[in-house]
Amino acid sequence: MKAGGTKAGAVLAALADLVYPAARECLWCGRPAVRPGRPLCPACLDDAVRDGPRSAPAGLVAGRAVAVGSYEGALREAVHRLKFSGWTFIVPLLGELLTGAVAQSGLWTADLVVPVPLHPRRLAERGFNQSALLGAAVARSFGASLEGRALVRTRATRSQVELGPDERGRNVRGAFRVPHPGLVAGARVLLVDDVLTTGATAGECGRALLDAGAAAVDLAVLAIAGGDTV
Ligand SMILES: [Zn+2]
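Residues numbered from 1 in each chain as written. Predicted model: local features only at pLDDT ≥ 70, side-chain atom pairs only at ≥ 80, totals over all residues. Heavy atoms only, no water.

Some words on the coordination of the zinc ion
Reasoning step 1: The protein atoms donating to the zinc ion are C26 (SG), C29 (SG), C41 (SG) and C44 (SG), with metal-donor distances spanning 2.2 to 2.3 Å.
Reasoning step 2: In this structure, the zinc ion is surrounded by four donor atoms whose angles at the metal cover 102 to 118°, and the resulting shape is tetrahedral.
Reasoning step 3: Sequence spacing of the donor residues for the zinc ion, all on one chain, is C-x2-C-x11-C-x2-C. Remark: C44 occurs in helix α2 (residues 42–48) and C29 occurs in the loop between α1 (7–19) and α2; sequence separation between them is 15 residues.
Reasoning step 4: The exposure class of C29 is partly exposed, given its relative accessible area of 33%.
Reasoning step 5: On the accessibility criterion, C44 (5% relative accessible area) is buried. (Donors = N, O, S within 2.8 Å, 3.2 Å for Na, K, Ca; no water. Tetrahedral: all angles 85-135°; square planar, octahedral: opposite > 155°, others 65-115°. Helix = DSSP H or I, 4+ residues; strand = E, 2+ residues; numbered from the N terminus. Buried < 20%, exposed > 50% of the residue type's maximum accessible area, 1.4 Å probe, protein only.)

Details of the side chain of E204
Reasoning step 1: Within the element layout of this structure, E204 appears in helix α8 (residues 200–211).
Reasoning step 2: Among the polar contacts listed, one links the side chain of E204 to the backbone nitrogen of G174, at a separation of 2.9 Å.
Reasoning step 3: Those residues in contact with E204 that sit more than four places away from it in its chain are V172, R173, G174 and F176. (Polar contact = N/O pair within 3.5 Å; in protein donor to acceptor, adjacent residues only side chain to side chain. Contact = heavy atoms within 4.5 Å.)

Read these as layout, nothing more, since geometry by itself doesn't imply function.
Spelled out as structure tokens, the structure:
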């Protein structure tokens, strides 16, 4: 089995196979994956990006926005495996998809990539912030800086998915803070998140960054959940 042609790559792939046997197969349709560590087959990858990149939801506080695709099918499954099964080895693949959408949309001119933060308790439970991993991949691709400390979540919030439209705004209002405004002052920020539900979270992050002096805040997400307008 080839893995990028390097010994280190082969070792990593072998480890991924040990830890994640399913990584050999497409996580959505079960057909063989093309390469270990990239558990989506070409057909499902095409499906994941079929309706993307998509542009800004109306009313979002942040400026322009782009998503790889809809939060359904293979893309939804990939996000679930990352967040809830700890499949961090899928980040390079998802990072590539997000980077592609950002490149096509022209949002790559940002100075600074800022991930939507998790509350410290959620971060401790999960062990990683998926948005920070995705943000790092995007920042690396474009030679931009990643600033994981720019935003902090000052209180734990419920998952937006559990809430009705009215509750979602209240749930995240005032939940984010920029502890060191000097980190973002004058910068064009690309905010990165995994899933956009109503845009309330991204909107609050955008507001906090702009209040702290950011010159602009655009948004890149992997997936837009159903019902969101674009
Ligand atoms: Zn597939």
